[in-house]
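Now for the letters of each chain:
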Amino acid sequence: MVELDPFVRERLLTPGPTPVLGAAQLASLDRSVYHRSPAFDKIFLECRSLLGGIFGTSEAPLILTASGTGAMEAAMVNLTGPGDRVLCVNAGKFGERWVDLARRYGCDVLEIKVPLGEPADPDRLREALSQPSGTPWRAVFLQANETSTGVYQDVPALADAVRSTSGALVVVDAISSLCAHSMCMDHWGLDCVVGGSQKGFGIPPGLAFVALSPRAWSSLSSRPRFYFDLAVERKVQSRGQTSSTPASSLVQMLHVALGRLSEMGVDVVVRQHERRRSMVHRAVKALGLDLFARKGHSAAVTAIDVGPAEDAIQLLNAAERRGCLFAGGQMESVRKRMIRFSHLGFVDTLDVLSGLCALELALAEVRGSTPLGLGVGAAMQEVL
Ligand SMILES: *Cc1c(COP(=O)(O)O)cnc(C)c1O
């Protein structure tokens, strides 16, 4: 084997954290903005308003200092009470999180388990929700993008299935789909959408976003809560403040990143993610590998099934030595077969090509002799 490149630097192609935008990084060094000051209020309110554009909602989302799971928990504690009947779509690791959260908070949970690699079928939801029963459905929890399998679920169709059969609130974990897929919260009739800073937004982990519909605001549960009391947050955040100390340097970073995203325009951002997905798909095919998702392919992350002949862990290690970090499979059953190639966030065409190069070199290293450039060549067709 040739000598490893000592100049190697790490390229992050994982579905969170994603690469940090350089200009945002600089903003985090500015220590001049105190969080109880008009200057901060202005930045904070602009962030909320720009987030509203990405969520597709007219009421600006709230910004929480938490990881994405914090926003999921906030949704759960504010929208459900003990004993409430809820349906959770479990299409993978993150769907399972909704199930765990709902059970932990004492909800009466119906879990709809979807085969790994597939999106939920709206008809299955329709059927489950229309079963006659004494208690009404309180809420349905689902992912837009199931990051563990690289599946994007058809959110508008699923929301429609819920709304046509029940009065349940529709709660969507869009943590890894925001910026990669369009989100039209108001238009699709969603009641709660959550997001996280380290996914499509190009800043580090630590901020989470949550937006509620007027219907959700008017039917908050009476469960006790403190840090995640969204009604309290809504009141203080309307003035550009937060009830406890926010991760203010992250807010400054977010402000820069959202400014950049809005300059580009959400439609362009989404289209670029789609193009990255096409590049990776072409390469995967050309390299004789498979896509793990059979339907509803995510524009944020491609889960590659390397097949039984290859060991994904070995490939991940080889790619990392070449300077490219991918994520592996999260479920034990797929750990040896899955590479999750993220193309989410501030990643450009050449980043994707570098990732494919690293993947191809890793394959060549593990397989022994193999023609080089097939995957990268195929992907390049997409950008010419
Ligand atoms: C990353 C992710 C989460 C968890 O977010 P954390 O910031 O790790 O708490 C939840 N749901 C989805 C779909 C994700 O991709």
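So, a few notes on the structure that sits alongside this text. (Residues numbered from 1 in each chain as written. Predicted model: local features only at pLDDT ≥ 70, side-chain atom pairs only at ≥ 80, totals over all residues. Heavy atoms only, no water.)

**Here's the deal with the overall build of the protein**
(1) Moving on: The helix and strand tally for the protein stands at 13 helices and 14 strands.
(2) Moving on: Computed over C-alpha atoms, the radius of gyration of the protein comes to 21 Å, within 12% of the 21 Å expected from 2.2 N^0.38 for 384 residues, which places it in the range of a compact globule.
(3) Moving on: Principal axes of the C-alpha set define a box for the protein whose edges measure 65 × 55 × 35 Å.
(4) Moving on: Burial status across the protein gives 55% buried among its 384 residues.
(5) Moving on: The long-range fraction of contacts in the protein, counting pairs at least 24 apart against all pairs at least 6 apart in sequence, stands at 73%. (Helix = DSSP H or I, 4+ residues; strand = E, 2+ residues; numbered from the N terminus. Rg over C-alpha atoms; globule rule 2.2 N^0.38 Å. Buried < 20%, exposed > 50% of the residue type's maximum accessible area, 1.4 Å probe, protein only. Contact = heavy atoms within 4.5 Å.)

**Topic: the packing of helix α10 (residues 266–286) against helix α13 (residues 374–381)**
Each pair of packed helices can be summarised by the angle the axes make with each other and by the distance between the axes.
(1) Moving on: Relative orientation of the contacting elements α10 and α13 amounts to 145 degrees, with a least axis distance of 7 Å. In the packing of α10 onto α13, the handedness of the crossing is right-handed. Two secondary-structure elements touch here, α10 through M279, R282, A283 and A286 and α13 through L374, G375, A378, A379 and Q381.
(2) Moving on: Among the residues forming the contact of α10 with α13, the class breakdown is six nonpolar, two polar and one charged. (Axes fitted to C-alpha atoms, helices over the stretch in contact; angles between N-to-C directions. Left-handed = near helix turned anticlockwise from the far one by under 90°. Nonpolar A, V, L, I, M, F, W, Y, C, P; charged D, E, K, R; others polar.)

**Side note on the site of the ligand**
(1) Moving on: Surrounding the ligand, one finds 13 residues, the nearest of these being S67, T69, T147, D173 and K199.
(2) Moving on: Contact between the ligand and S67: an oxygen atom at 2.5 Å from a side-chain N or O atom of the residue.
(3) Moving on: Within the side chain of K199, a nitrogen or oxygen atom sits 2.7 Å from an oxygen atom of the ligand.
(4) Moving on: A total of 380 Å² of accessible area belongs to the ligand in isolation, and the protein chains cover 89% of it.
(5) Moving on: Using a 2 Å cut-off from the grid points, one finds that the ligand occupies the largest pocket.
(6) Moving on: Elements that contribute at least two residues to the shell around the ligand include exactly α3 (68–79) and α4 (93–104).
(7) Moving on: A total of three residues in the shell around the ligand trace back to one element, the largest contributor, which is α3. (Near = heavy atom within 4 Å. Polar contact = N/O pair within 3.5 Å; in protein donor to acceptor, adjacent residues only side chain to side chain. Areas by Shrake-Rupley, 256 points an atom, 1.4 Å probe, with all protein chains shown as cover. 1 Å grid on protein atoms, 1.4 Å probe; cavity = no way out; pocket = protein on both sides within 12 Å on 5 of 7 lines; lining within 4 Å. Sits in = over half its atoms within 2 Å of the grid points.)

**A few points about the environment of S244**
(1) Moving on: Tracing the chain through its elements places S244 in the loop between α8 (230–237) and α9 (248–264).
(2) Moving on: The partly exposed category is assigned to S244, whose relative accessible area is 28%.

**Some words on the sheet that holds strand β14 (residues 338–342)**
(1) Moving on: The strand order across the open sheet built from five strands is β1-β13-β14-β12-β11, with neighbouring strands paired in mixed fashion. Edge strands, defined here as strands with exactly one partner in the open sheet, are β1 (11–13) and β11 (290–291).
(2) Moving on: As paired strands, strand β12 (residues 301–305) and β14 are joined by five bridges and run antiparallel to one another. Note on β14: the bridge partner recorded for A303 is R340. (Pairing = 2+ DSSP bridges.)

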